[in-house]
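Each chain is listed here by its residues.
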Amino acid sequence: MKKPSATTGLKWDEPLLWEKGQSGRSAFSLPARDVEQFAVESGMEGKGPDFPDLSEPEVVRHYTRLSQWNYGIDAGLYPLGSCTMKYNPKINEAIAALPGFASPHPLLPEQFCQGTLRVMAELERFLAEITGLDAVSLQPAAGAQGELTGMLLIQAYHQARGDSRTKLLVPDTAHGTNPASATLCGYQPVAVASNDQGILSAETVAEFMDEQTAGIMVTNPNTLGLFEENIMAIAEIVHEKGGQVYCDGANMNALFGRVDMRKMGVDVLHLNLHKTFSTPHGGGGPGAGPVCVKQHLEKYLPVPRLVEKQGRLSWSSDAPDSIGRMHGFYGNFGVMVKACCYILSMGAENLQKVSELAVLNANYLKERLKQTLYLPYDRLCMHECVFTDKNQAECHVNTLDIAKRMIDYGFHPPTIYFPLVVQGALMTEPTETETRETLDAYIAAVEAIAKEARTEPELLRQAPTASRVRRLDETTAARNPCLSG
């Protein structure tokens, strides 16, 4: 693997626009005035705003340089784990931006937006078929809100039965927001430890599950990238005690066409459209976290609900048992359009292929790197694999050092220090769209960094060296954050 050059990166000093330009320069040409000139009112007289005089190339280059200081999916591999899809076919962006989809106001009368309502109705149907569940609400705007919605549905189910429960089981391999969602509903999260295989055992769940426990929150595949093989037995134990099974479906791209959530014993599932269905995770943009449920929970879904009568779609709030509204209007429609386009363009066969390739790529990385990085669970993984810095620790090189050095090699670092059950974790998810050549380049970079850890450990501790911004003092930043500007 070629070492990073000292000149790699975009290190020029880019001044503010106010520090650039000269008087008289212009980035545009106005047409000749064709109206009579009038005097300005006295209250409006003055020099006006202090805008710099810039040429068009100066403006274009300034913003292009700023954009190149960052890393994006259009620049290279995004190996962050537990976030699923990082690639968004550009055609889906273009379709979502069509005026007919992008322009309608959510307060338009229903007769003027039947097309947009049809997209949502079709997406609900697609997601129900993909998951094997009965009903869907598109209203939640993010994964965490989907989790909360799922917990509120379970709570409403128990309350309707006159059953006041106080606890909720949360595995140590679940996504980090699960305990917060349980707490917001008034439940006490009960941590359930995974076994030596990195998954839940039915026996452990049976020890904790009782008549005071509302159910269990399971992430499957879990945050170690491992499939919860005992999920059907676990669901049976929970159901025998009157509980419900919630599944975090953020890692669904490992299961398309392979797993029926109903048969797995799941009662309520949230999906991340902004991760798994064509809208890349990250960047702070809008998300969507639909909730899919079995029939017995359908009447508790948020309102309004889409209903169809004689071929005409409308919104209905006639649902006395509903948990109410979870989000303004009907969710983030642009994300729904992209998800619907993705499902239609892929079809059932290619969605299954997505899962096959995601699992194949993750296992390829696992096998190629397990002699370089420490692999705590050497078994078949799903969409992601988790290593640790144990092999490099004897050289006094840690996970953060490895991640920072990867920037010098031109790669975005993987997720680090998560999941918490693995000390010094490096969680890598190659996704289904990366080529073998890209994965081989990533592997070569990791191997080169591991060699440097043995021969030049200080180099890693000083990394990154080729980026515009060096390593930050994260402790000071956390204790004394700059929240202005």
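Only a predicted model underlies this, so the values are computations on that prediction, with no experimental measurement involved.

About the cut-offs
- Residues numbered from 1 in each chain as written.
- Predicted model: local features only at pLDDT ≥ 70, side-chain atom pairs only at ≥ 80, totals over all residues.
- Heavy atoms only, no water.
- Pairing = 2+ DSSP bridges.
- Helix = DSSP H or I, 4+ residues; strand = E, 2+ residues; numbered from the N terminus.
- Contact = heavy atoms within 4.5 Å.
- Axes fitted to C-alpha atoms, helices over the stretch in contact; angles between N-to-C directions.
- Expected span 1.5 Å × (residues − 1).
- Buried < 20%, exposed > 50% of the residue type's maximum accessible area, 1.4 Å probe, protein only.
- Salt bridge = Lys/Arg side-chain N within 4 Å of Asp/Glu carboxyl O.
- Polar contact = N/O pair within 3.5 Å; in protein donor to acceptor, adjacent residues only side chain to side chain.
- Parallel < 35°, antiparallel > 145°, perpendicular 65-115°, else oblique.
- Left-handed = near helix turned anticlockwise from the far one by under 90°.
- Nonpolar A, V, L, I, M, F, W, Y, C, P; charged D, E, K, R; others polar.
- Right-handed = clockwise from strand over helix to strand, strands pointing away.

### Structural notes on the sheet that holds strand β10 (residues 385–388)
Turning to step 1, where the next piece is worked out: Judged by pairing direction, the sheet is antiparallel, and its 3 strands sit side by side in the order β10-β12-β11 without closing on themselves. If you trace the sheet from one side to the other, it starts and ends with β10 and β11 (415–416), each paired once.
Turning to step 2, where the next piece is worked out: Looking at chain direction, β11 and strand β12 (residues 425–428) are connected through 2 bridges and run antiparallel. Looking across to β12, one finds that Thr415 is bridged to Met427.
Turning to step 3, where the next piece is worked out: Across the sheet, helix α11 (residues 333–369) is in contact with β10 and β12; its angle to β10 comes to roughly 25 degrees.

### Let's talk about helix α5 (residues 143–160)
Turning to step 1, where the next piece is worked out: The terminal C-alpha atoms of α5 lie 26 Å apart, and with 18 residues this matches the ideal 26 Å at 1.5 Å per residue to within 8%.
Turning to step 2, where the next piece is worked out: Every buried residue of α5 is accounted for by Gly143, Gly146, Glu147, Thr149, Gly150, Met151, Leu153, Ile154, Gln155, Ala156, Tyr157 and His158.
Turning to step 3, where the next piece is worked out: Just beyond α5, the residue with positive phi is Gly162, at close to 70 degrees.

### Notes on the pattern of salt bridges
Turning to step 1, where the next piece is worked out: Applying the stated criterion to the full structure yields 25 salt bridges.
Turning to step 2, where the next piece is worked out: In this structure, Lys366 and Glu367 form a salt bridge, with 2.5 Å as the shortest nitrogen-oxygen distance.
Turning to step 3, where the next piece is worked out: Classification of Lys366 as buried rests on a relative accessible area of 4%.
Turning to step 4, where the next piece is worked out: Overlapping salt bridges bring together Lys366, Glu367, Lys370 and Asp378 as one network.

### A look at helix α13 (residues 399–408)
Turning to step 1, where the next piece is worked out: With respect to burial, α13 is a largely interior element, 8 of its 10 residues being buried.
Turning to step 2, where the next piece is worked out: Listed as buried for α13 are Thr399, Asp401, Ile402, Ala403, Lys404, Arg405, Met406 and Asp408.
Turning to step 3, where the next piece is worked out: Its buried side turned inward, α13 meets α12 (390–393), β11, β12, α14 (436–455), α15 (457–461) and α16 (474–479).
Turning to step 4, where the next piece is worked out: Measuring from the backbone nitrogen of Leu400 back to the side-chain oxygen at the start of α13 gives 3.1 Å, which picks out Asn398 as the cap.
Turning to step 5, where the next piece is worked out: Just downstream of α13 lies Gly410, where phi reads positive at about 90 degrees.

### Topic: the side chain of Ser201
Turning to step 1, where the next piece is worked out: Relative to the assigned elements, Ser201 resides in the loop between β3 (188–192) and α7 (202–208).
Turning to step 2, where the next piece is worked out: When sequence neighbours within four positions are dropped, the list of residues in contact with Ser201 reads Asn195 and Asn230.

### Focus: the sheet that holds strand β2 (residues 167–171)
Turning to step 1, where the next piece is worked out: Here 7 strands make up an open sheet; going across it, the order is β1-β7-β6-β5-β4-β2-β3 and the pairing mixed. Sheet topology places β1 (135–137) and β3 at the edges, where each strand pairs with a single neighbour. Here the average twist between neighbouring strands, direction ignored, is 20 degrees.
Turning to step 2, where the next piece is worked out: Note that β2 and strand β4 (residues 213–219) share 2 bridges and pair parallel. When the bridges of β4 are listed, Leu169 appears paired with Ile216.

### Here's the deal with the packing of helix α4 (residues 114–131) against α11
Working note: a packed helix pair is described by the angle between its axes plus the distance between those axes.
Turning to step 1, where the next piece is worked out: One way to put it is that α4 packs onto α11 with a least axis distance of 10 Å and a crossing angle of 45 degrees. Put simply, α4 runs oblique to α11. Here the hand of the crossing between α4 and α11 comes out left-handed. Residue-level contacts link Thr116, Val119, Met120, Leu123, Phe126, Leu127 and Ile130 of α4 to Phe333, Met336, Val337, Ala339, Cys340, Ile343, Leu344 and Leu351 of α11.
Turning to step 2, where the next piece is worked out: Split by residue class, the contact of α4 with α11 holds 14 nonpolar, 1 polar and no charged.

### Let's talk about unusual backbone geometry
Turning to step 1, where the next piece is worked out: Cis peptide bonds are those with omega within 30 degrees of zero, and the linkage from Phe418 to Pro419 qualifies with 5 degrees.
Turning to step 2, where the next piece is worked out: Ala463 connects to Pro464 through a cis peptide bond whose omega is 0 degrees.
Turning to step 3, where the next piece is worked out: Residue position: Pro464 is located in the loop between α15 and α16.
Turning to step 4, where the next piece is worked out: The backbone of Phe329 sits at a positive phi, close to 55 degrees, despite the residue not being glycine.
Turning to step 5, where the next piece is worked out: In this structure, His396 takes a positive phi of about 60 degrees despite not being glycine.
Turning to step 6, where the next piece is worked out: With respect to the element layout, His396 can be found in the loop between α12 and α13.

### Quick look at the pairing of β3
Turning to step 1, where the next piece is worked out: Relative to β3, β2 runs parallel, the two being bridged by 5 bridges. Of the residues in β3, the one forming a bridge with Leu169 is Val190.
Turning to step 2, where the next piece is worked out: Chirality of the crossover, the property in question, places the unit of β2, helix α6 (residues 178–184) and β3 among those that are right-handed.

### A few points about the packing of α11 against α14
Turning to step 1, where the next piece is worked out: Where α11 contacts α14, the axes come no closer than 11 Å and their chain directions differ by 30 degrees. On the basis of their axis angle, the class for α11 and α14 is roughly parallel. Crossing hand, α11 versus α14: right-handed. In this structure, α11 uses Asn361, Tyr364, Leu365, Arg368 and Leu369 to contact α14, whose residues at the interface are Arg436, Leu439, Asp440, Tyr442, Ile443, Val446 and Glu447.
Turning to step 2, where the next piece is worked out: Of the residues that constitute the contact of α11 with α14, the class distribution is 7 nonpolar, 1 polar and 4 charged.

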